[in-house]
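# Structural overview for review
The residues making up each chain are set out below.
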Amino acid sequence: MNRGSEPTLLELSVPGRQAWSLQRNELPDRPIESCIPPEHLADHRPRLPEVSERDLVGHFTRLSHRQYSVDLGSYPLGSCTMKYNPKFADEVAALRGLADVHPAAPEQAIQGWLALVCDLEKALCSLVGMAGATFQPAAGAAGELTGLLMVRAFHAAGEARSRGGAAGGGAAGRGGGSGHASSGRTKVIIPDSAHGTNPASVTLAGYEAVTVPSDTRGCVDLAALREAIAGDVAAVMLTNPNTLGLFEEDIAEIARLAHNRGALLYYDGANLNAILGMVRPGDMGFDVVHLNLHKTFATPHGGGGPGSGPVLVSERLLDFLPGPRPALMGDGERYGWMVPERSIGRMHSWHGNALVVARALAYVLYNGSAGLRKVSNLAVLNANWIRKRLESSYQVPFDRPCMHEVVISAEKLKSDRGLSALDVAKRLLEEGFHAPTIYFPLIVREALMIEPTETESLQTLQALAEALERIASGTVERDAKPAPRTTPVGRVDEARAARRLEITG
Ligand SMILES: Cc1ncc(COP(=O)(O)O)c(C=O)c1O
């Protein structure tokens, strides 16, 4: 692997150098043994880099210059909504009155913060047609787990009610297995195009994931769903538009089937960028929704966070939301914290990633409802422009208008010229673009999933399409060394890189 010339901080380390200084205080020095019991003390010093501030800043600045980011250019990574995030959201999040507040501050000192969270809750609820929300989950996947634990607590409470008992939320919702065992609902249905986090969250919540196939139009196969849905199903979990970028046109019928069987409908809202202000999951029949604020609402996805995956619920699930949650108190004049009666408990230390919430409110207020609708209109328009433009050089497996992203295939390129989806993606890096998502969704061979997003101009889309066409038409030269040849890191053996984290040369 080509590591380039940047040494690690440990390689830069020189004994005695430091990038910090602490003011001396009046307190007497105490030997460490008087603070920490000797049996808990390590017998050797940790190997930490000793570098000056100059070395430290230089190191990270050089690394940042080797990085590709949403600020640098187009990042059409399907399913990730890597759009440009406007800088005013950074300014809002950096306001001292927000950034410097400790999460344990007494509620009378943080009335503004609590009002902000409640305002965003109201705005998002009206955007998706739900009744209340939690902002505790720190990512989409954490939102999925939270939502599914609420589904589980809901069914357990219903079962307890029908047996004449009182349902305890926390105990019913978490761990143990008694929650769904008593309700007899042990399964959650997901389509075969689902994002990988969906089956993982289903399993983590103690359910069995049952997969239904997609039909020839890329939507849920209704006949297969009818067969799968029975009294042991707790929920049907869908993304709409789905991960093929296609709108589930039978959603009303799917909701009817689920509800008739007593199951809930879970909306994975990671693709909300496609439908802002156009259609609401609540009106489609969904009961639980998670959103990725770190996609749609002015915080970048990827990069390790911080993220925010709020979960929004319909009236009948309000009681199960995690707590404590901010709310306007009974007097209508002051905000405070409340714990819903049958809450599933806490899902995050403190109150979630609060500054992502602040950024989202800034974005919502800045755009307003007309602006948000325009975001989705443009995202859908851009994806369809790319779809039409590339249909002569790649295969488009589902030949119908898409929503915010389009899945194309390099299957023919591979069989004709040996150029796989991976090769196309790596060559695109040499053309100065981030690669699309590849080999996902799993049901399309040699899949390339392109999500141009609304923030890219026609000129950028044209340049992206031209680069992809150049790659497909073979005018990019092949040589012995595989692409990418112009990036700080060349092609790595990804399976090995994931399993052997140490670089041996
Ligand atoms: C459709 C879908 N669902 C769920 C997730 C999971 O979100 P997160 O990465 O924040 O956990 C993603 C992430 O991209 C997604 O695209």
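Heads up: these notes are all about the structure in this document. (Residues numbered from 1 in each chain as written. Predicted model: local features only at pLDDT ≥ 70, side-chain atom pairs only at ≥ 80, totals over all residues. Heavy atoms only, no water.)

### Section: the overall build of the protein
Scanning the protein for helices and strands turns up 18 helices and 12 strands. A compact globule built from 505 residues should have a C-alpha radius of gyration of about 23 Å, and the protein, at 25 Å, falls within 12% of that. Across its three principal directions, the C-alpha atoms of the protein cover 75 × 75 × 45 Å. Residues counted as buried form 47% of the 505 residues belonging to the protein. If you take every contact in the protein between residues at least 6 apart in sequence, the share linking residues at least 24 apart comes to 69%. With the model as given, the accessible surface of the protein reaches about 24,400 Å², and the carbon-plus-sulfur share is 55%. With 51 positive and 56 negative side-chain charges, the protein shows a spacing of 2 Å between the two charge centroids. (Helix = DSSP H or I, 4+ residues; strand = E, 2+ residues; numbered from the N terminus. Rg over C-alpha atoms; globule rule 2.2 N^0.38 Å. Buried < 20%, exposed > 50% of the residue type's maximum accessible area, 1.4 Å probe, protein only. Contact = heavy atoms within 4.5 Å. Areas by Shrake-Rupley, 256 points an atom, 1.4 Å probe, with all protein chains shown as cover. Lys, Arg positive; Asp, Glu negative; His and termini not counted. Charge placed at Lys NZ, Arg CZ, Asp CG, Glu CD.)

### A few points about the packing of aromatic side chains
Across all of its chains, the model carries five aromatic pairs by this definition. Judged by centre distance (4.6 Å) and plane angle (35 degrees), the rings of Phe-88 and Tyr-366 are tilted. Residue Phe-88 is located in helix α3 (residues 87-94), and its partner Tyr-366 is located in helix α14 (residues 354-390); the two are separated by 278 residues in the primary sequence. Relative to Phe-286, the ring of Tyr-267 has its centre 4.8 Å away and its plane inclined at 70 degrees; by these criteria the two rings are edge-to-face. With Tyr-267 in strand β5 (residues 264-269) and Phe-286 in the loop between α12 (281-284) and β6 (288-291), this residue pair connects regions lying 19 residues apart in the sequence. Each member of the pair Tyr-267 and Phe-286 is classed as buried. (Phe/Tyr/Trp six-rings, centres within 6.5 Å; stacked < 30°, edge-to-face > 60°.)

### Quick look at the pattern of salt bridges
Using the criterion set out here, one finds 29 salt bridges in the structure. Of the charged contacts in the structure, one is a salt bridge between Arg-359 and Asp-90, with a shortest N-O distance of 2.7 Å. Residue Arg-359 is found in helix α14, and its partner Asp-90 is found in helix α3; the two are separated by 269 residues along the sequence. Assessed through its relative accessible area of 11%, Arg-359 is described here as buried. A single salt-bridge network, built from bridges that share partners, covers Asp-71, Lys-87, Asp-90 and Arg-359. (Salt bridge = Lys/Arg side-chain N within 4 Å of Asp/Glu carboxyl O.)

### Some points on the sheet that holds strand β1 (residues 132-134)
In space, the seven strands of this open sheet follow the order β1-β7-β6-β5-β4-β2-β3, with mixed pairing throughout. What marks the edges here is a single partner per strand, and that holds for β1 and β3 (208-212). The average undirected angle you get between the axes of adjacent strands in this sheet is 25 degrees. Summarising the sheet, strand β4 (residues 233-238) and β5 pair through four bridges and their orientation is parallel. When the sheet's bridge partners are listed, Val-236 is paired in β5 with Leu-265. Packing against the sheet, helix α6 (residues 140-162) makes contact with β1, β2 (187-191), β4, β5, β6 and β7 (311-313), and its axis sits at approximately 170 degrees to β5. Helix α11 (residues 251-260) contacts β4 and β5 of the sheet and is inclined by roughly 135 degrees relative to β5. (Pairing = 2+ DSSP bridges. Axes fitted to C-alpha atoms, helices over the stretch in contact; angles between N-to-C directions.)

### Notes on the nonpolar core
Within the largest apolar cluster, 59 residues are counted, with the highest numbers of intra-cluster contacts made by Leu-120, Leu-124, Ile-254, Leu-272, Leu-293, Phe-297 and Leu-312. Within the residue set of this core, elements represented by two or more residues are α5 (111-128), α10 (222-228), β4, α11, β5, β6 and α14. Of the residues forming this core, the biggest block, 11 residues, is contributed by α5. If you count residues domain by domain, this core takes at least three from each of domain 2 (111-366) and domain 3 (369-499). Not counting chain neighbours up to four residues away, the residues in contact with Leu-312 comprise Leu-124, Cys-125, Val-128, Met-130, Gly-132, Ala-133, Asp-287, Val-288, Val-289 and Leu-291. Grouped together as the second largest cluster of nonpolar side chains are 32 residues, Leu-246, Leu-390, Ala-410 and Leu-461 included. (Core = buried A, V, L, I, M, F, W, Y, C linked by side-chain atoms within 4.5 Å. Domains from an automatic or database assignment.)

### Some remarks on the packing of α6 against helix α9 (residues 197-204)
Remark: α6 packs on α9, axes separated minimally by 9 Å, with the N-to-C direction vectors making an angle of 40 degrees. Between α6 and α9, the angle falls in the class oblique. In this structure, the crossing between α6 and α9 has a hand that is right-handed. Contacts between α6 and α9 pair Ala-141, Glu-144, Leu-145 and Leu-148 from the former with Thr-197, Asn-198, Ser-201, Val-202 and Leu-204 from the latter. Each residue belonging to the contact of α6 with α9 can be placed in one class, and the counts come to five nonpolar, three polar and one charged. (Parallel < 35°, antiparallel > 145°, perpendicular 65-115°, else oblique. Left-handed = near helix turned anticlockwise from the far one by under 90°. Nonpolar A, V, L, I, M, F, W, Y, C, P; charged D, E, K, R; others polar.)

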